Number of protein chains: 2
Amino acid sequence: MTHILDIFAERSPDILARAHNFLESQKHSLGPVNVWAVDALERMQTFMQRGKCIRGNLALLGAEIGGAPLSTGLYDAAAALELFQSSILIHDDIIDQDALRRGQETLHTQYTRTVQPSVPPSHAEHVGISLAICLADMGFNLTYTLLASADLPPAAVRSLTAFWGVEFAKVGLAEMDDVFLAHSSEPAALERILALYRFKTARYTFCVPLLSGLIIANAPAALQNAMEELSELLGLIFQIKDDELGIFGDETALGKPVGSDIRENKKTIFHHYLFTACTCSPNNDITACFGNDSLDDNDIQRVRDFLTDSGIRAAVDTRITGYSNRARDLINSLSLSSELKTLLLQLIHYNLTRTT
Amino acid sequence: MTHILDIFAERSPDILARAHNFLESQKHSLGPVNVWAVDALERMQTFMQRGKCIRGNLALLGAEIGGAPLSTGLYDAAAALELFQSSILIHDDIIDQDALRRGQETLHTQYTRTVQPSVPPSHAEHVGISLAICLADMGFNLTYTLLASADLPPAAVRSLTAFWGVEFAKVGLAEMDDVFLAHSSEPAALERILALYRFKTARYTFCVPLLSGLIIANAPAALQNAMEELSELLGLIFQIKDDELGIFGDETALGKPVGSDIRENKKTIFHHYLFTACTCSPNNDITACFGNDSLDDNDIQRVRDFLTDSGIRAAVDTRITGYSNRARDLINSLSLSSELKTLLLQLIHYNLTRTT
């Protein structure tokens, strides 16, 4: 049978094409607004094409798990999830003050450069950030238009709209704690970090897409509940792996700066183990790297070596293994075809081993 | 018969109560996210209670014009428009770098003060702004949940969701030109200023609510088209009056700083007449005030006197009179009851004479 990553790779272009075509169709109604409109739609199109398309693909997988056919309406719902994701990344990059995303300049950086010749130098950054705030706001709203325009039963559109609104609100709230904790000097309790992971990533990246597919398929509540529990575990594994890649990953493969979580003093699970839960001897040279935004590659390498040698990386891996064991047990308990179970198990494996 | 302002004043508390109760009900699902959630919902509740509730009221009026009864579903749609408006004002205030709104600290200013004890002093503003970006993102998404939860026919919910998404996207795009023009040293062409007014205010504040009510009422296309034209005129009058109040208004009554358009060099219609279309002799002392953010009350008064003495204020008034004459003709041509026509004429009068 086909591997889940091959299935995703095969479907991603179709999902992204739906989003591209939708944005293209909006040029007609948005174009007359002003000189920014068509350019904004095209920047969004370009930005979207470089996404990993995990959420859109998970929506399709959720529908299959619920027994629904892969319809054009379903593809549009998947495309809408991707449009939302690209939009929220734009605000995320402003909040994290990141200059690079998906291997290209972040949108606020692009806009800052674009307006440079037209505004006073000291205003360019504020104007660039403001333009990017608005671009994302456009994307959020068009997400709902795309969903409402999808060829899906009215009841499904209505349920998904209500569901997405609440779940995306949770993402916004989780992002609040993320930025606060990053700038606060206090270490965060493990429960607080895990709540952040749950609401900013696990539910948003795994539950919402999978459940969206199940809602479209009108799947039984018991299956939806089991998939909700499973997808939170998948999401926790994904996020902790993300933290690991943010420190130990390859910048070229990731398309974003490695070490920025350290520079920004993000309260990741690695931060927690290092500052709060580490039984190793304290190393001020290493802890001083956290929140220092002028670190070079050698500093990052020293942090990596310490996290490895002190056993912190292994402790984090043990936690990931615990989650993945629970997720495997859950998958095996589901009343699903062996093909679908294999795909879900492959998804765990991907979350455990991904490099981008 | 009852005056439109009295009708609005009577209905506003009910519209805002729907929004308040909806946000209250969200504490249950959003509260578990983190320490910010309930506080965020309450800040939004407090902020919303101080709104003028124009959009919500216009949605009810639109439904009446379309012949629909005032149902709880309609009130929820009206409340959703108000929730969106409060949310976008939060981004607007970040973009305009304003400290005061609706007579209180803007949300990013509130958050900056809140985080002050917990983050390094040089980070507080960025964290405050970031928290407010997220708060508004929460509000945008909950807007759609509130609409989708309203007791309205599924087809109406779907049409409104698709319509709002596109129209709110236009507001975001218009805001882009607004911030760019404010920081650009080039004067803007009149067509560009009017397009900004059309998409940032006229359609958003008047067309979208009135048409939303008409869509809920399932009104005939001809009536929707006529109301669309009328509401754009009403909106242009409203916006130009807004510019006038921003220079000539009373700060206490407005609840926001008077003169900030001058300090921020906003390309309002007054700016256009002064810099491009004025036949009066140039006055460098006056033009230098635009874009100077350290103006005091005396400087603002000198600008006011010049705009009055030079005939610019009268020229702007002439333009407003032209729009209101066309709007009156349109109202008289509609097949509506004399009561509804009187209410619409009162709306023009309000837009022409409002002080807040």
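Notes on the structure follow. (Residues numbered from 1 in each chain as written. Chains lettered and ligands numbered in written order. Predicted model: local features only at pLDDT ≥ 70, side-chain atom pairs only at ≥ 80, totals over all residues. Heavy atoms only, no water.)

1. Some details on the packing of aromatic side chains
Residue and element names in this part refer to chain A. Tallied over the entire structure, the rule returns 21 aromatic pairs over all chains. Judged by centre distance (5.0 Å) and plane angle (35 degrees), the rings of Phe 84 and Phe 140 are tilted. Here Phe 140 lies in helix 6 (residues 124–149) and Phe 84 lies in helix 4 (residues 72–96), a separation of 56 residues in the sequence. Taken individually, Phe 84 and Phe 140 each receive the classification buried, so the pair is uniform in this respect. (Phe/Tyr/Trp six-rings, centres within 6.5 Å; stacked < 30°, edge-to-face > 60°. Helix = DSSP H or I, 4+ residues; strand = E, 2+ residues; numbered from the N terminus. Buried < 20%, exposed > 50% of the residue type's maximum accessible area, 1.4 Å probe, protein only.)

2. A look at the interface of chain B and chain A
Facing the 65 residues of chain B at the interface are 65 residues of chain A. Across the chain B to chain A interface the summed buried area is about 5,300 Å²; carbon plus sulfur atoms make up 71%. The largest per-residue losses of area from chain B upon contact with chain A belong to Arg158(B), Leu173(B) and Met176(B), which jointly make up 14% of the total buried on that side. Along the contact surface separating chain B from chain A lie zero salt bridges. Joining chain B to chain A, the criterion identifies 22 residue pairs in polar contact (both at pLDDT 80 or more). Elements with a minimum of two residues in the side of chain B that touches chain A: helix 1 (4–30), helix 2 (37–49), helix 4 (72–96), helix 5 (107–115), helix 6 (124–149), helix 7 (154–183) and helix 8 (190–216) of chain B. (Contact = heavy atoms within 4.5 Å. Buried area = accessible area lost by both parts, 1.4 Å probe. Salt bridge = Lys/Arg side-chain N within 4 Å of Asp/Glu carboxyl O. Polar contact = N/O pair within 3.5 Å; in protein donor to acceptor, adjacent residues only side chain to side chain.)

3. Regarding the relation of the copies chain B and chain A
For the pair chain B and chain A, the relating rotation is 180 degrees, the translation along its axis is 0.0 Å, and the fit reaches an RMSD of 0.0 Å. Each copy turns onto its partner about a two-fold axis. Of the C-alpha atoms belonging to chain B, the one lying closest to the rotation axis is found on Pro154(B), 3.0 Å away. (Least-squares fit on C-alpha atoms with pLDDT ≥ 70 in both.)

4. Thoughts on the side chain of Arg203(B)
Residues and elements named next belong to chain B. Counting through the fold element by element, Arg 203 comes out in helix 8. Given a relative accessible area of 5%, Arg 203 falls into the buried group. Look past the residues within four positions of Arg 203 in its chain and what remains in contact with it is Glu 167, Lys 170, Arg 198, Val 208, Pro 209, Glu 228 and Glu 232.

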